[in-house]
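# Descriptive structure summary
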Amino acid sequence: MAKDTAPPANPNWRPATKLIRGGLKRSQFQETSEAIFATSGYVYENAEDAESAFKGEKQRYIYSRFSNPTVAMFEERLALLEGADLCRATASGMSAVFAALASFVKAGDRVVGPRALFGSCLYILTDILPRYGVETVIVDGTDLDQWEKALSKPTKAIFLETPSNPTLEVVDLPKVAEMAHAAGAMVMVDNVFASPILQKPLELGADVVVYSATKHIDGQGRVLGGAILGSHGDYMDEQLRMFVRHTGPSLSPFNAWVLLKGLETLELRIERHCKNATIAANFLESRKDISRTLYPGLKSHPQHNLAMKQMSGPGTIIAFEVAGGKAATFRFLNALKMIDVSNNLGDAKSLINHPATTTHQRLPEADRAKLGISDGLVRLSVGLEDAADIVDDLAQALDIAARG
Ligand SMILES: *Cc1c(COP(=O)(O)O)cnc(C)c1O
């Protein structure tokens, strides 16, 4: 185990400092940058030492399926930023979502969630959990009456995303959390779209926060990773800990190291993403060949005021609708010279995606329509390039698409 010679984290540090110094441990070599402990196991002084470690009498590393020093640095740094007691890192965002729910619910329980969810999250709620006897109720996340009705019965957990993928619907977190708590439900929030910089779900009433670290936390499209954050208590310390320990959705030390380094620049990157996205959203809204621009920072966003109350910035993702349906939209996508067609997001590179034919292809047409995922809708993850180059690329491709 690394000898801890780095100064301990100060909980009063501002976010930028926590992102660089939080969780840092140094080995006997006094390295500046965090070490990668590429090891699956650990050795013991003697047989008695191993016995006491397995009895839990001594806190130490036993096996990297349970914990690893590089992974622990990532977990501590993210927990410090989020203001959570504990963080448990996982191999991907989806393993975090699944572990968060599966460790908590059992047959006969009831779970409520909004329709506007990342496709794989919706699949867990509506396909996997019901197979294990869990009842899932799906609501329109922006309609408080539907939440109220769904939460009029005892409920074990609610799981939601805000803003949602891809149409950027915003859920009133304090109001929904209050109703959920009255129904006895734990409030789980997937905070990927806002990132830990722009929104603090734990301060808005959530009990548990889940991330795909693959997105903004890595921010450079290199590795998969996930995290679950919450307070000390039976859930984090026992149920989730034992579930992860015995089912093994563990984050690799190398990926944890990439994500640790990603955290160091997260605040700077999010600031630039937001600045670029605001410029791009204003440009898109001014175009006659764009029939709808959805961006929480625009006054025209249906929940603009709520978004600005819950989030400290407008976000990094824009959804917009190209006039002229699928044909014009594909002409536009194929004419882009710099922005890449890709379904990832939160990357330094600007990435664009057509949800109806990719991420949300499996949804029945009627469900897509309810979600506002039309044939012209695209999702733009605005990168860190110069904003003028992003706008130039959008403009030239829209001009080509309009010519038919
Ligand atoms: C990408 C994403 C996930 C899944 O994360 P992976 O790391 O790809 O497994 C979950 N929720 C949201 C909102 C996402 O965007």
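Residues numbered from 1 in each chain as written. Predicted model: local features only at pLDDT ≥ 70, side-chain atom pairs only at ≥ 80, totals over all residues. Heavy atoms only, no water.

### Brief notes about the packing of aromatic side chains
In total, this model carries six aromatic pairs according to the counting rule given. With 5.9 Å between their ring centres and 70° between their planes, Phe320 and Phe332 make a pair best called edge-to-face. Here Phe332 lies in helix α13 (residues 325-335) and Phe320 lies in strand β9 (residues 317-322), a separation of twelve residues in the sequence. When sorted by exposure, Phe320 lands in the same class as Phe332, which is buried. (Phe/Tyr/Trp six-rings, centres within 6.5 Å; stacked < 30°, edge-to-face > 60°. Helix = DSSP H or I, 4+ residues; strand = E, 2+ residues; numbered from the N terminus. Buried < 20%, exposed > 50% of the residue type's maximum accessible area, 1.4 Å probe, protein only.)

### What about the pattern of salt bridges?
Throughout the structure, instances matching the rule amount to 17 salt bridges. Between Lys156 and Asp109 there is a salt bridge whose closest N-O contact spans 3.6 Å. Of this pair, Lys156 sits in the loop between α6 (144-150) and β4 (157-161) while Asp109 sits in the loop between α4 (93-102) and β2 (110-114), and the two are 47 residues apart along the sequence. The class for Lys156 is partly exposed, based on a relative accessible area of 23%. By relative accessible area, Asp109 is classed as buried at 10%. The salt bridge partner of Glu321 is Arg292, with a shortest N-O separation of 4.0 Å. On the criterion of sequence distance, the pair formed by Glu321 in strand β9 and Arg292 in strand β8 (residues 290-294) is long-range, its members being 29 residues apart. The exposure class of Glu321 is buried, given its relative accessible area of 16%. In the salt-bridge network here, residues are joined through shared partners; they are Glu34, Arg77, Lys261 and Glu264. (Salt bridge = Lys/Arg side-chain N within 4 Å of Asp/Glu carboxyl O.)

### Examining the sheet that holds strand β10 (residues 340-341)
On the basis of which strands lie adjacent, the open sheet formed by five strands has the order β8-β9-β12-β11-β10 and mixed pairing. Edge positions in the sheet fall to β8 and β10, since each of these pairs with one other strand and no more. Alignment of strand β11 (residues 351-353) against strand β12 (residues 377-381), held across three bridges, turns out to be antiparallel. Its bridge partner being in β12, Ile352 is matched across the sheet by Leu380. (Pairing = 2+ DSSP bridges.)

### Points about the side chain of His301
When you line up the elements, His301 lands in the loop between β8 and α12 (304-310). Here the side chain of His301 touches Leu168 through a polar contact of 2.7 Å, landing on its backbone oxygen. If sequence neighbours within four positions are ignored, His301 has contacts with Leu168, Val170, Leu294, Tyr295 and Pro296. (Polar contact = N/O pair within 3.5 Å; in protein donor to acceptor, adjacent residues only side chain to side chain. Contact = heavy atoms within 4.5 Å.)

### What to know about the side chain of Gln310
Tracing the sequence through the fold places Gln310 in helix α12. Using a relative accessible area of 6% as the deciding quantity, one classes Gln310 as buried. Excluding residues that lie within four positions of it along the chain, Gln310 makes contacts with Thr162, Val170, Val171, Asp172, Leu173, Pro174, Leu198, Gln199 and Leu204.

### Comments concerning the domain arrangement of the chain
Domains assigned within the chain are domain 1 (15-264) and domain 2 (267-403). Of note, the centres of domain 1 and domain 2, computed from C-alpha atoms alone, are 27 Å apart. Counting from both sides, the interface comprises 38 residues of domain 1 and, opposite them, 35 residues of domain 2. Taken over both partners, the interface formed by domain 1 and domain 2 buries close to 3000 Å², and the fraction arising from carbon and sulfur atoms is 61%. Taken as a group, Leu168, Leu198 and His216 account for 23% of the area that domain 1 buries against domain 2, more than any other trio of residues on that side. Viewed at the interface, domain 2 and domain 1 are joined by zero salt bridges. Linking domain 1 to domain 2 there are 13 residue pairs in polar contact (both at pLDDT 80 or more). (Domains from an automatic or database assignment. Buried area = accessible area lost by both parts, 1.4 Å probe.)

### Let's talk about helix α5 (residues 119-131)
For α5, spanning 13 residues, the distance from its first C-alpha to its last is 18 Å, which sits close to the expected 18 Å at 1.5 Å a residue. By the largest-angle criterion, Leu125 marks the main kink of α5, which is about 30°. Regarding α5, the residues found buried are Cys121, Leu122, Ile124, Leu125, Ile128 and Leu129. For α5, the elements touching its buried residues are α4, β2, β3 (135-139), β4 and β5 (186-190). Count one or two residues on from α5 and you reach Gly133, which has phi positive near 85°. (Expected span 1.5 Å × (residues − 1). Bend = angle between axes of the 7 residues up to and from the residue.)

### Brief notes about the packing of helix α3 (residues 69-82) against helix α10 (residues 253-264)
For the pair α3 and α10, the least separation of the axes is 8 Å and the interaxial angle reads 30°. The way α3 lies across α10 gives a crossing that is left-handed. Contact residues: α3 offers Thr70, Val71, Met73, Phe74, Arg77 and Leu78, while α10 offers Pro253, Ala256, Trp257, Leu259, Leu260, Leu263 and Glu264. (Axes fitted to C-alpha atoms, helices over the stretch in contact; angles between N-to-C directions. Left-handed = near helix turned anticlockwise from the far one by under 90°.)

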